[in-house]
Amino acid sequence: MTHTILEPLPEDQWFIDSQQLRSFVATVREISASTIENRMQTLATLEPYFQQLLQQQEWLSEKFMQVNPDSRMGGGIGQWLLYRALDRSLTVFSLVIPPGSTTPVHDHLAWGLIGLYKGNQQETVYRRVDSGDAEGYAELEVVEERSLQPGDIYRLLPPTGDIHAVKTISETASVSIHVLGNDTGCIWRHQFIPEYKSVKSFRSGYSNAPCKEEEEKEYA
Ligand SMILES: [Fe+2]
């Protein structure tokens with residue numbers, strides 16, 4: 001497997017034209033730069049601003065609330081990039097999970113806030129309990145099961161809360177907004193099968209954006 005190094009992008013990328021999102025991203029950048037030593041503080045300071053963004057129900061256009069039959073996550077899950085910083089240190093994307101679909105058990109490998117925008121989800125949070133030394137082997141323990149309503153936010157601060165699976169339990173697709181301190185769709189991260197105690201590398205990609213410039217044609 002090739003773990004490609006991700007080059008910086010020529011500029012910040014915006015996939016949606018929204019003043020609300022622009023001003024939110026400006027706030028995230030300011031807060032994350034001033035709390036670089038303490039990511040717990042980054043998340044706590046950001047949360048009220050994120051809450052406001054989630055409450056505004058008009059900024060996210062229909063296009064970013066669609067399921068994606070060709071999803072690399074499987075299950076028709078759409079992962080729509082809304083904003084990406086040129087150095088890939090910040091992304092905002094929506095994740096759309098069709099009714100009854102579940103994500104694989106996966107990690108994110110960066111600090112982040114995830115908030116539910118539409119629908120209802122059941123989230124299972126795991127903790128890794130083995131040493132991580134044996135190739136392909138991972139033992140997970142369930143830490144928490146919770147159901148999420150629109151407006152609910154949860155925090156990622158690896159390793160705490162970083163491994164989970166999410167299922168849509170509403171009759172319509174669920175839409176969650178992710179604010180992550182990395183280029184989550186493009187990095188190699190992990191997918192787990194807890195019942196087989198197995199782990200493999202995976203890259204989810206995005207439904208609407210390539211990871212490298214030369215892949216741009218595929219998305220045109
Ligand atoms: Fe996730």
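Cut-off values and rules
- Residues numbered from 1 in each chain as written.
- Predicted model: local features only at pLDDT ≥ 70, side-chain atom pairs only at ≥ 80, totals over all residues.
- Heavy atoms only, no water.
- Helix = DSSP H or I, 4+ residues; strand = E, 2+ residues; numbered from the N terminus.
- Expected span 1.5 Å × (residues − 1).
- Buried < 20%, exposed > 50% of the residue type's maximum accessible area, 1.4 Å probe, protein only.
- Arc of directions from axis to C-beta.
- Contact = heavy atoms within 4.5 Å.
- Polar contact = N/O pair within 3.5 Å; in protein donor to acceptor, adjacent residues only side chain to side chain.
- Pairing = 2+ DSSP bridges.
- Axes fitted to C-alpha atoms, helices over the stretch in contact; angles between N-to-C directions.

Taking an unreviewed UniProt entry as the reference, the protein chain is identified by name as Cysteine dioxygenase family protein belonging to Amazonocrinis nigriterrae CENA67.

Visitor: I keep staring at helix α1 (residues 19-34) and nothing clicks. Help me out?
Guide: Under the 1.5 Å per step criterion, the end-to-end length of α1 is 23 Å for 16 residues, consistent within 8% with the ideal 22 Å. If you check which residues of α1 are buried, you get L21, F24, V25, T27, V28, I31 and S32. Within α1, the buried residues cover an arc of 160° as seen down the axis, which keeps them to one side. In α1, those exposed residues whose orientation departs by more than 90 degrees from the buried face are Q19, E30, A33 and S34. Considering only its buried residues, α1 is in contact with β1 (13-14), α2 (39-55), β2 (78-84), β3 (91-97) and β10 (174-180). Sitting at the amino-terminal end of α1 is S18, which places a side-chain oxygen 3.3 Å from the backbone nitrogen of Q20.

Visitor: Got a minute to help me understand the pairing of strand β5 (residues 112-118) in this structure?
Guide: It is a general feature of regular strands that their side chains alternate between the two faces of the sheet. In terms of burial, β5 is largely enclosed, as 6 of its 7 residues are buried. Looking at chain direction, β5 and strand β8 (residues 153-156) are connected through 4 bridges and run antiparallel. Within the sheet, the bridge partner assigned to I114 lies in β8 and is Y154.

Visitor: Mind showing me how you'd approach the sheet that holds β5 here?
Guide: The pairing of strands in a sheet happens through backbone hydrogen bonds and is either parallel or antiparallel. The strand order across the open sheet built from 6 strands is β1-β2-β3-β10-β5-β8, with neighbouring strands paired in antiparallel fashion. Of all strands in the sheet, those bounded by a partner on one side alone are β1 and β8. In the sheet, β3 pairs with β10 via 7 bridges, with the strands oriented antiparallel. Bridging from a neighbouring strand, F93 pairs with H178 of β10. Where α1 meets the sheet, it contacts β1, β2, β3 and β10, and its direction lies at approximately 70° from that of β2. Where α2 meets the sheet, its contacts fall on β5, β8 and β10, and the angle it forms with β5 comes to roughly 15°.

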